[in-house]
Amino acid sequence: MTDQPLVLGIETSCDETGVGVVRGHTLLADAIASSVDEHARFGGVVPEVASRAHLEAMTPTVDRALSEAGVTLADVDAIAVTAGPGLAGALLVGVAAAKAYALGLGKPLYGVNHLAAHVAVDQLEHGPLPKPCVALLVSGGHSSLLLVPDVASDVRPLGATVDDAAGEAFDKVARVLDLGFPGGPYIDRAAREGDRASISFPRGKYEDGTYDFSFSGLKTAVARWVESRERAGEPVPVADVAAAFQEAVVDVLTKKAIAACRDNGVSHLLVGGGVAANSRLRALAQERCEAAGIQLRVPRPKLCTDNGAMVAALGAELVGAGLKPSALDLPADSSLPITDVLV
Ligand code: KG4
Ligand code: ZN
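Residue numbering note: each chain is counted from 1, following its sequence as written. The naming scheme follows written order: chains are lettered A onward, ligands numbered 1 onward. With the structure being a predicted model, the display of local features is reserved for residues of pLDDT at least 70 and the display and counting of side-chain atom pairs for 80 or more, all residues being used for whole-chain, interface and lining totals. With hydrogens and water excluded, all non-hydrogen atoms of the structure serve as input to the side-chain values.

### Let's talk about the sheet that holds strand E2 (residues 16-23)
Point 1. Pairing within the open sheet is mixed, and its five strands lie in the order E3-E2-E1-E4-E5. Looking at the sheet topology across the chains shown, the edges are occupied by strand E3 (26-34) and strand E5 (109-113). For this sheet the average axis-to-axis angle between neighbouring strands, irrespective of direction, equals 20°.
Point 2. Following DSSP output, two strands are said to pair if at least two bridges run between them. Each helix corresponds to a stretch of at least 4 residues labelled H or I by DSSP, and each strand to a stretch of at least 2 residues labelled E; elements are numbered beginning at the N terminus. Of the pairings in the sheet, the one linking strand E1 (residues 6-11) to E2 comprises six bridges and is antiparallel in character. By the bridge assignment for E2, Leu8 is matched with Val21.
Point 3. The strands touched by helix H3 (residues 88-105) within the sheet are E1, strand E4 (78-84) and E5, with E4 carrying the most contacts at an inclination of about 160°.
Point 4. The sheet contacts of helix H12 (residues 308-320) involve E1, E2, E3, E4 and E5, and relative to E1 the element is tilted by about 135°. Angles shown run from 0 to 180 degrees and are taken between the N-to-C directions of axes, each axis being a line fitted to C-alpha atoms and, for helices, limited to the stretch in contact. Two residues qualify as a contact provided that any one of their heavy atoms is within 4.5 Å of a heavy atom in the partner residue.

Here's what the structure looks like:
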């Protein structure tokens, strides 16, 4: 057990300052400081506000994670940090901090891909990932389908959103319905009281034969539907709109994810990212996986949303695979391609 690497992971790609500590596949600490409340009144993450909050939260969050794990900086074998993709200024704060820790401690530094980290985190809960698996990553910043022969070294894009991310669509529709921010959990809750078949919203790229997604037409269709109700002076059935919108999103996501597994002969599907916390997405994915003979893996919600444990988990994987650490002049790359697991 103690021969497994002890890795400190730092995540600052969006509005969560996450610091995790893992030993191999064992989670020891997962400390989070979020600036989400500071963005709420703008209805979206403000990059400069997020960067400043990361700067203030960084050292206290590292200290909290170490104390939660019952270890000291001297015990750490390697530092891992999200190098991209994400908000440029936010990434820079984490990368600069990770370099300082690595240099000060004389420990190797691993600059890692945020999306691959969303995949690697599942190992902390469900053990080693089947090779290969297909991953559906859905959050406020990304919606991607990936073929993952090996999360440490071989991650291949199958498809992605051509416009809004799935979580972004949830956030925008929540604004149209006057619900809170971030919108996903509010829509999820409202939808429980609604009828998902009451309104038929468009399912972008449903039958186009690709693994790509499109949610901007759906978002506009919901806004138009609500506007026409309001113009007619009729009440807006919020629960029904939420349920019908949510169904349109999760129908396309699960249909394409199952097709990606089937077409590539893969028997395991992993769903991650903040939208994986959605109760209807979990239920429909389970139902369709069972029907198709596919094993579904979804980490618990706290490991689905952005966190430092996922970065530490991928770092441990890279150390375990014997890969060469990053250079100390490692750049933060806001549009890091998914094929670059390690920078
Ligand atoms: O992964 P994450 O924490 O950060 C990003 O990288 O974006 O995901 C946040 C996104 C937000 O858009 C939020 O509305 C969405 O995940 N989300 C949900 C739910 N919980 C969070 N979407 C749908 N249903 C949920 N229960
Ligand atoms: Zn994310």
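### Comments concerning the coordination of the zinc ion (ligand 2)
Point 1. Coordinating donors are taken as N, O and S atoms within 2.8 Å of the metal, stretched to 3.2 Å for Na, K and Ca; because water is absent from the atoms, sites can appear incomplete. Protein ligation of the zinc ion (ligand 2) involves His114 (NE2), His118 (NE2), His142 (NE2) and Asp306 (OD), the donor distances falling in the range 2.1 to 2.8 Å.
Point 2. Key to geometry: four donors with every angle between 85 and 135 degrees are tetrahedral; four donors are square planar and six octahedral where opposite donors lie over 155 degrees apart and all remaining angles lie between 65 and 115; all other sites are irregular. Classification of the site at the zinc ion (ligand 2) rests on its four donor atoms, whose angles at the metal span 90 to 167°, yielding the label irregular.
Point 3. Considered as a linear motif, the donors of the zinc ion (ligand 2) on their single chain read H-x3-H-x23-H-x163-D. You can see His114 sitting in helix H4 (residues 114-120) and its partner Asp306 sitting in the loop between helix H11 (301-304) and H12, a full 192 residues away along the chain.
Point 4. Any residue under 20% of the maximum accessible area for its type is buried, any over 50% is exposed, and the rest in between are partly exposed; the area is computed with a 1.4 Å probe on protein chains only. On the basis of relative accessible area, His114 is assigned to the buried category, the value being 0%.

### Considering the site of ligand 1
Point 1. Taken together, 20 residues surround ligand 1, and among them Gly140, Asp171, Gly184, Asp188 and Asp306 come closest.
Point 2. Nitrogen and oxygen atoms within 3.5 Å of one another constitute a polar contact, given that in protein one can donate a hydrogen and the other can accept it, and given that sequence-neighbouring residues count only through two side-chain atoms. Between Ser139 and ligand 1, the recorded distance is 3.3 Å, taken from a side-chain N or O atom to an oxygen atom.
Point 3. Residue burial considers only the protein chains on display, and all accessible areas are found by Shrake-Rupley using a 1.4 Å probe. Alone, ligand 1 offers 550 Å² of accessible surface; in the complex the protein occludes 90% of this.
Point 4. Per element, the largest residue contribution to the shell around ligand 1 is four residues, and it comes from helix H7 (residues 183-191).
Point 5. Counted by class, the shell around ligand 1 contains five nonpolar, eleven polar and four charged residues. For this purpose, a residue is taken to be near a molecule or strand whenever a single non-hydrogen atom of the residue falls within 4 Å of it. The residue classification treats Ala, Val, Leu, Ile, Met, Phe, Trp, Tyr, Cys and Pro as nonpolar and Asp, Glu, Lys and Arg as charged. All others, Gly included, are polar.

### Describing the packing of helix H8 (residues 216-231) against helix H9 (residues 238-263)
Point 1. Put simply, H8 and H9 touch, their axes get as near as 11 Å, and they point 165° apart. Overall, the two elements H8 and H9 adopt an arrangement that is roughly antiparallel. Seen along the crossing, H8 lies across H9 with a hand that is right-handed. In contact with Leu218, Val222, Trp225 and Val226 of H8, H9 contributes Val241, Phe245, Ala248 and Val249.
Point 2. Grouping the amino acids of the contact of H8 with H9 by side-chain chemistry returns eight nonpolar, no polar and no charged. Reported orientations rely on four angle classes, namely roughly parallel under 35 degrees, roughly antiparallel over 145, roughly perpendicular from 65 to 115, and oblique for the rest. Each crossing gets its hand from how the near helix is turned against the far one by less than a right angle, where anticlockwise is left-handed and clockwise is right-handed.

### Side note on the pattern of salt bridges
Point 1. The working definition used for a salt bridge is a side-chain nitrogen of Lys or Arg within 4 Å of a carboxyl oxygen of Asp or Glu. Inspection of the entire model under this criterion finds 19 salt bridges.
Point 2. Arg156 is the salt-bridge partner of Asp154, the closest N and O atoms lying 2.8 Å from each other.
Point 3. Overall, the relative accessible area of 22% leaves Asp154 in the partly exposed class.
Point 4. A residue is classified by how much of its surface remains accessible, and Arg156, at 40% relative accessible area, is partly exposed.
Point 5. When the shortest N-O distance is used, the salt bridge between Arg262 and Asp263 registers 3.7 Å.
Point 6. Classification of Arg262 by relative accessible area gives exposed; the value is 58%.

Remember, this is a structural readout, not a statement about activity or role.
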